[in-house]
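What the coordinates show
Chain by chain, the residues:
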Amino acid sequence: HYITAITKPQIEKLMKDGALQLELFDEKVCEVQCDGRRLILRRNPVRADELAASRQSKRDAIETCRERQNVYLREHPKAKTETAVKHIKEKTAKLKVGAWLRVQADGRTLRVIADATALEAAAKLDGCYVMVTDLDAKQADAQTIHDRYKDLARVERGFRMSKTGHLELR
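Description of the structure in this document. Keep in mind it's a predicted model, so treat the numbers as computed, not measured. (Residues numbered from 1 in each chain as written. Predicted model: local features only at pLDDT ≥ 70, side-chain atom pairs only at ≥ 80, totals over all residues. Heavy atoms only, no water.)

Bringing the sheet that holds strand E3 (residues 37–43) into the picture now. The antiparallel open sheet is built from 4 strands, whose spatial order is E1-E6-E3-E2. In the strand order of this sheet, the two ends are held by strand E1 (3–5) and strand E2 (30–34), each with one partner. Strand-to-strand twist of the sheet, defined as the mean angle between neighbouring strand axes without regard to direction, takes the value 30°. Relative to strand E6 (residues 128–133), E3 runs antiparallel, the two sharing 6 bridges. Among the inter-strand pairings, Leu-39 is bridged to a residue of E6, identified as Val-132. (Pairing = 2+ DSSP bridges. Helix = DSSP H or I, 4+ residues; strand = E, 2+ residues; numbered from the N terminus. Axes fitted to C-alpha atoms, helices over the stretch in contact; angles between N-to-C directions.)

If you want it as structure tokens, here you go:
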């Protein structure tokens, strides 16, 4: 038997196929049957807040870059606006926020514009996760499966610590 998690693209595919609905994700564990497998759904509000804070931090970094480029353009009349735009676009590509943030030049002043629809789509599954198992309900209830999956993090941490400890001893 197995307990595993699926990725966000896999969750989106299940939602597109109609097997899952966004309303099913809650702080309490929810269970759905799909293709002979049990899907255990949960939304972690703490993780959702962490992802929102990360997204805001990236936006702040882009705004800081924009301000720096605007100052540079004001202080250097021969500087090219296209080069400044290119720097900001590179930063958005590096931070992977190009789907919902874009830069626009108004003369020699740069602005960063956020696409609210794209931002909402990017944040739709924040904190949501799905575990998949082939165990039937008689063997383990949904909460037990969730707890056992969470225990895997402790096992991984234990392996990581033991490997580090052994390497340091050598």
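Okay, back to it.
All right, on to the nonpolar core then. Of all hydrophobic cores here, the largest spans 15 residues; its most connected members are Ile-11, Leu-20, Phe-25, Leu-39, Leu-41 and Val-130. Elements that contribute at least two residues to this core include exactly helix H1 (8–17), E2, E3 and E6. Those residues in contact with Leu-39 that lie beyond four places of it in its chain are Leu-14, Leu-20, Cys-30, Glu-31, Val-32, Cys-34, Val-130, Met-131 and Val-132. Formed by 13 residues, the second largest nonpolar core is a distinct cluster that contains Val-85, Trp-100, Leu-101 and Leu-110. (Core = buried A, V, L, I, M, F, W, Y, C linked by side-chain atoms within 4.5 Å. Buried < 20%, exposed > 50% of the residue type's maximum accessible area, 1.4 Å probe, protein only. Contact = heavy atoms within 4.5 Å.)

A few words now on the pairing of strand E4 (residues 101–106). Pairing geometry for E4 and strand E5 (residues 109–114), over 6 bridges, is antiparallel. By the bridge assignment, Val-103 is partnered in E5 with Val-112. The loop that links E4 with its antiparallel partner E5 comprises 2 residues; one of these, Gly-107, has a positive phi angle of about 70°.

Attention now goes to the environment of Arg-66. Within the secondary structure, Arg-66 is located in helix H2 (residues 45–75). Sequence separation between Arg-66 and Gly-158 is 92 residues; the distance between their C-alpha atoms is 44 Å. When neighbours within four sequence positions are excluded, Arg-66 is seen to be in contact with Ile-88, Leu-110, Arg-111 and Val-112.

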